[in-house]
Number of protein chains: 2
Amino acid sequence: MTGSHLEREIREQPDAVRAALRSAGPVADALAARLRERGPLEQVVIAARGTSDNAARYAQYLAGARLGVPVALAAPSLASRYGAPVVPRGARALVLAISQSGRSPDVVSVVDAARAAGVPTAAITNDPASPLAAAADVVLDLDVGMERSVAATKTYTASLAVVARLVGALGRDDAGLAQLADVPAFMAEAIDTATARVPALDAHHDATHLVVVGRGYHYATAMEIALKVRELTGIVGEGFSPPDLLHGPIAAVAPGTPALLVAPSGAVRDSVLEAGAALADRGAATIRLDDTSAADLPLPAGVPEALGPLVAVIPGQVLALRWAQLRGAPVDAPPGLTKVTETR
Amino acid sequence: MTGSHLEREIREQPDAVRAALRSAGPVADALAARLRERGPLEQVVIAARGTSDNAARYAQYLAGARLGVPVALAAPSLASRYGAPVVPRGARALVLAISQSGRSPDVVSVVDAARAAGVPTAAITNDPASPLAAAADVVLDLDVGMERSVAATKTYTASLAVVARLVGALGRDDAGLAQLADVPAFMAEAIDTATARVPALDAHHDATHLVVVGRGYHYATAMEIALKVRELTGIVGEGFSPPDLLHGPIAAVAPGTPALLVAPSGAVRDSVLEAGAALADRGAATIRLDDTSAADLPLPAGVPEALGPLVAVIPGQVLALRWAQLRGAPVDAPPGLTKVTETR
């Protein structure tokens, strides 16, 4: 690795998660207590873009599995373009925005509309002075320090931690909240292991296409690893759930394409491995990211399934960094990208 | 073109939409009337896979813009894998499944869970004898005849028509419903125009990567054209909204990559064209699909914006068919795909 901001920020992630839980944890607890007073939460609408959209996907599965609450990912253009913001009806809803910069006008517009309608709003952001923070009722400040690399890493895992804290508090899941405190140590282990193991995959650094498969909680992991690889390397990285992949997109996987299988222990592992077998049948070069001895990119054993995404994304980040370096790409400032993308 | 099932089914689409409106229209009207009696609809959860997921995306924007209702796309694995189906709370919700075959067990499981909880359920399907039809309270039978090509075309546009009919009936939008009846004629015009104009794009048939950009109602169009191209040709076709593209994925667009811009008149056209300019700056070869004289793939003038996706997908279908033929691919049965994908 090099002395890039990206490398440093990848390594900072265990501390970033601790900082976010310290900063936003009590706020999340108070928000959850207020929401619980209103009765069972009926729906959550999340507005996010880019990497934060992958944090939203994690929230969708976690809130679904733990709270049984439908989570709709907002279509921000309804507010910003069609003048028809989608606002959940009733006070037993939450509109949650996730944006490290807090500066996407279309995300802010979703929160503005909800707040005007009296729906509780909260923002997960790394900038408590941002327009998004000003718009929301409650600010869940990540407080992880400025992220200088254009590709988001520590703000992503810190956002996942705050989502897990909020869902845990809403569900009064004390055991889960206790497990969350152990996650930074698993993350540190994952960073070291990935740094040691990623060079064995150097032969794939000049790929043109990468498929990443994950399901359930790790649908977010697959999507985020794919995004990180494409941002940093220019490889066309795509994330899929096994059913989505098998319903058509697998037709465009050529022989030799690397296919990363995010398949730690849990309810969906067999499904991901089945998709991996179908990919191997097409001649794809499968790479296993899991917690078994067969893994190419091993994960620490013992990470609770629902918190796995905070850890499993790390080997993907390290892989993306490594391949970018081997390709001679500028890892802190990929060509054509900006840290703040102000889409309307 | 050839005598393939696919070509025939593309050409059948105007009649298929008429058939679906005849078959499912009155059922949709009755369902809407029953739902309206319960008061304003509070949320919709849609379960779908593959092409039907793109019909769900259209429903998300249409129901959002016309009814102000949040639409959550179900995460079927929560039901099928985690034993934690997400069921909307309260009777003012609708769970809608979309599946031409009606045979995806994970989609059926979402409907089963909702029905058991007393939430109204409906299924848009082309097989009224399917397990999905048996599971749902209300069956919106497309009745478009068997679709023999593995790549879905007529069941997609027919599903969009039924979605538009249902949303129109829920919103008592008589003007919109009247416009829907005119759409098949626009579709027929689009088929003829696309057939004439697509050969001018033959130079791109050996591309390895295709980016399709659309927003709002046409986010579904972009995603569906990308899926059709990848299913039929093996080209890595990807659909993006402009904000999603600009938030990172554009980094993996290499010079010479064809980029199809779905930009008919409407609230989001400028946004798509701005993304097109950013793609052109990276050296992408932009292709315009719109209703102006500058279009490479012209659309008929006068199609109402909200119904545009029934028409705008057609040039993409014709393009995918043409490129598949030029590549020597078997258009009715792409290697490795099956008509019914029974994912759990």
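Note that the coordinates shown come from a computational prediction; the quantities given were computed from them, not determined experimentally. (Residues numbered from 1 in each chain as written. Chains lettered and ligands numbered in written order. Predicted model: local features only at pLDDT ≥ 70, side-chain atom pairs only at ≥ 80, totals over all residues. Heavy atoms only, no water.)

Undergrad: Lay out the domain arrangement of chain A in plain terms, naming residues and giving numbers.
TA: Residue and element names in this part refer to chain A. Partitioning chain A into structural domains gives domain 1 (5-180) and domain 2 (190-326). Computed from C-alpha atoms alone, the centre-to-centre distance between domain 1 and domain 2 is 25 Å. Each side of the interface is counted separately: domain 1 has 27 residues, and domain 2 has 24 residues. Of the roughly 2100 Å² buried between domain 1 and domain 2, counting both surfaces, carbon and sulfur atoms make up 70%. (Domains from an automatic or database assignment. Contact = heavy atoms within 4.5 Å. Buried area = accessible area lost by both parts, 1.4 Å probe.)

Undergrad: Describe in detail the relation of the copies chain B and chain A, supporting the description with residues and values.
TA: In screw terms, the move from chain B to chain A is a rotation of 180 degrees and a rise of 0.0 Å along the axis, fitting with an RMSD of 0.0 Å. Both copies of the chain, as the preceding transformation shows, are related through a two-fold rotation axis. Residue B:Ala72 of chain B places its C-alpha closer to the rotation axis than any other residue of that unit, at 2.0 Å. The overlap is high: 100% of the interface residues of chain B also sit at the interface in chain A, so the same surface is used on both sides. (Least-squares fit on C-alpha atoms with pLDDT ≥ 70 in both.)

Undergrad: Can you break down the interface of chain B and chain A residue by residue, with the values?
TA: Counting residues at the interface gives 67 residues for chain B and 67 residues for chain A. Across the chain B/chain A interface, buried area totals approximately 5200 Å², and carbon plus sulfur atoms make up 54% of it. The largest per-residue losses of area from chain B upon contact with chain A belong to B:Tyr82, B:Arg89 and B:His247, which jointly make up 14% of the total buried on that side. The interface formed by chain B and chain A includes eight salt bridges. The shortest N-O distance in the salt bridge between B:Arg215 and A:Asp106 comes to 3.8 Å. At the boundary of chain B and chain A, one finds 18 residue pairs in polar contact (both at pLDDT 80 or more). Elements represented by at least two residues in the side of chain B that touches chain A include exactly β1 (43-48), α3 (51-67), β2 (71-73), α4 (76-80), α9 (217-233), β7 (236-240), α10 (242-246) and α11 (269-281) of chain B. Per element, the largest residue contribution to the side of chain B that touches chain A is six residues, and it comes from α3(B). The class makeup of the residues in the side of chain B that touches chain A is 33 nonpolar, 19 polar and 15 charged. (Salt bridge = Lys/Arg side-chain N within 4 Å of Asp/Glu carboxyl O. Polar contact = N/O pair within 3.5 Å; in protein donor to acceptor, adjacent residues only side chain to side chain. Helix = DSSP H or I, 4+ residues; strand = E, 2+ residues; numbered from the N terminus. Nonpolar A, V, L, I, M, F, W, Y, C, P; charged D, E, K, R; others polar.)

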